[in-house]
Amino acid sequence: MENKQTSHIIEYSTLLTILLALFVLTGITVGVSYVDLGKLNVWVALLIASCKGTLVLMYFMHMKFEGKVLVYSFLGTIFFLGIMISFTFWDIAFR
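Cut-off values and rules
- Residues numbered from 1 in each chain as written.
- Predicted model: local features only at pLDDT ≥ 70, side-chain atom pairs only at ≥ 80, totals over all residues.
- Heavy atoms only, no water.
- Helix = DSSP H or I, 4+ residues; strand = E, 2+ residues; numbered from the N terminus.
- Buried < 20%, exposed > 50% of the residue type's maximum accessible area, 1.4 Å probe, protein only.
- Phe/Tyr/Trp six-rings, centres within 6.5 Å; stacked < 30°, edge-to-face > 60°.

**Quick look at the overall build of the chain**
Item 1. Assigned secondary structure in the chain consists of 3 helices and 0 strands.
Item 2. Sequence-ordered secondary structure for the chain, helices as α and strands as β, is α-α-α.
Item 3. Projected onto its principal axes, the C-alpha coordinates of the chain cover approximately 60 × 30 × 10 Å.
Item 4. In the chain, which comprises 95 residues, the share counted as buried stands at 9%.

Take a look at the structure:
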């Protein structure tokens, strides 16, 4: 049985673009931390962190090129993590 391995080569320009996007999102994170958004501060921080995490996962960790089983298992994990985080927020909000 032959084991074929495919190489996923991402161009340096794409990696540089993603890196610059991560720098911009980090700057936005720092900028937003100085703005009082009330209860939205946590949600904005989570949204920006999710965007940064998605970029790292898709391009630097090559999840973009993985099979469907691995992608579905990862999405399932994220779904259940979201449920657990929402339970935590719900518990804190109604104390």
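Back to the write-up after that little detour.
**Quick look at the packing of aromatic side chains**
Item 1. The final tally for this structure, using the stated rule, is 4 aromatic pairs.
Item 2. Consider the rings of Phe-87 and Trp-90, whose centres lie 6.5 Å apart with planes at 35 degrees: the pair is tilted. With a gap of 3 residues between them, Phe-87 and Trp-90 both fall in helix H3 (residues 68-93), about one helical turn apart.
Item 3. A residue is classified by how much of its surface remains accessible, and Phe-87, at 45% relative accessible area, is partly exposed.
Item 4. Under the relative-accessibility criterion, Trp-90 is labelled exposed at 54%.
Item 5. Connected via pairs of aromatic rings, a cluster forms that spans Phe-87, Trp-90 and Phe-94.

By themselves, these are just geometric observations and shouldn't be taken as functional.
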